[in-house]
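Reading the structure
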Amino acid sequence: MPINSVLIAGAGAVGLSVAETLYKFNPDCVSILAKGDRLARYRKNGLKVNGEGLNFRFSEGEKADLIIVACKNYHLDQIIEDISPSVGKDTIILSLLNGISSEETIGQRLGRERLPLAMIIEIDALHKGEETTYSRKGVIHFGDREGKNGEREQTIADFFTRTGVSFKLEENMKRALWYKFMFNTGVNQVTAVLKLPYKTVMNKGSPGEIYEAHLLIEKAMREVITIANAENIDLNEEDIERIFKTINLMDGGSFTSMCQDVLAGRKTEVEMFSLTLLELGKKHRISLPVNEILYLQLRTIEQFW
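This report concerns the structure included in the present document.

Reading the values: the criteria
- Residues numbered from 1 in each chain as written.
- Predicted model: local features only at pLDDT ≥ 70, side-chain atom pairs only at ≥ 80, totals over all residues.
- Heavy atoms only, no water.
- Core = buried A, V, L, I, M, F, W, Y, C linked by side-chain atoms within 4.5 Å.
- Buried < 20%, exposed > 50% of the residue type's maximum accessible area, 1.4 Å probe, protein only.
- Helix = DSSP H or I, 4+ residues; strand = E, 2+ residues; numbered from the N terminus.
- Contact = heavy atoms within 4.5 Å.
- Pairing = 2+ DSSP bridges.
- Axes fitted to C-alpha atoms, helices over the stretch in contact; angles between N-to-C directions.

The biggest cluster of nonpolar side chains holds 59 residues, and the ones touching the most others in it are V69, I83, I93, W178, L235 and I247. Considering every element that reaches this core, the biggest residue donor is helix α6 (residues 173-194), with nine residues. I247 has contacts with F183, V187, Y198, V201 and M202, leaving out every residue within four places of it along the chain.

Shown next, in the form of structure tokens:
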């Protein structure tokens, strides 16, 4: 069956960036998940993307053909409960959360067969209050966990093509997900601890680039490569170079999502990054000193609030 209705679960930077594209294709094809105080606030203040107010529909629990989960990891359990009434027999779920574990968490409760692996990269959106701004809205990458893309993945690709959502159908989505995990573990954590915008960690020699921050990111990402290889995921030095090329595409004055959380005094997603990596390090008996320090720093920052 073709996809005709989409529920966006998480009206933050990522969720609203995707929702805007769908809304401009057809306002009736997309709705936003919101309940209680959040729903009242959205109705009172409205939701804006790049300064434009968009009159989104809010879900009342109707079944959706596609659910895009774009919340913070620490809200995931509640989001799973909230989207459950909207899950029909053939509903597909795409999780755009950071990290490498959200599909497993959702799949345990709502059915693994609904979830190809997915991520979004090359997005520089900022979110404050009820408004998202971006210069690059990013590209959604998705694919079957075992590399066996079929009807489910083609249905999503057809829908994104029809609606104008930028996407890439991956043949090796496990590797792609670990690539994003390396990006987040290195770039997001370092910029969050140091409270730095993208321009400070661009390619060496770029205007505003800080060499020591750049070097720290490289060291954190090399630890991810070590664990990925132990997990039979073929990340390598060329992927580090690709990540810095991606950073160079961003608005230099923008901040990573984790840095935005630190600057706003919000809970971070450190458990999805360095803590996950440290647990895998214990499994493989591999020391990860850089990520251990980043974890301790970020947990200290959270408790200082």
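Here five strands make up an open sheet; going across it, the order is β5-β2-β1-β6-β7 and the pairing parallel. For this open sheet the edge positions go to β5 (57-58) and β7 (87-95), each flanked by a neighbour on one side alone. One ladder, built from four bridges, connects strand β1 (residues 6-9) with strand β6 (residues 64-69); its direction is parallel. Bridge pairing links I8 to I68 in β6. Along the sheet, helix α4 (residues 102-110) contacts β6 and β7; its crossing angle with β7, the most-contacted strand, is approximately 170 degrees.

As for its position among the elements, L33 is in the loop between β2 (30-32) and α2 (36-45). Considering only alpha carbons, one finds L33 and F142, 109 residues apart in sequence, at a separation of 22 Å. Residues within four places of L33 in sequence aside, it is in contact with L7, I8, A9, I79, D82 and I83.

Another point: the sheet that holds strand β8 (residues 117-123). Read from one edge to the other, the open sheet built from three strands follows the order β8-β11-β12, with strand pairing classed as mixed. Only two strands of the sheet have a single partner each, and these edge strands are β8 and β12 (167-169). Averaged over all adjacent pairs, the angle separating strand axes in this sheet is 20 degrees, with direction ignored. This element, α6, spans β8 and β11 (137-143) of the sheet and lies at about 45 degrees to β8.

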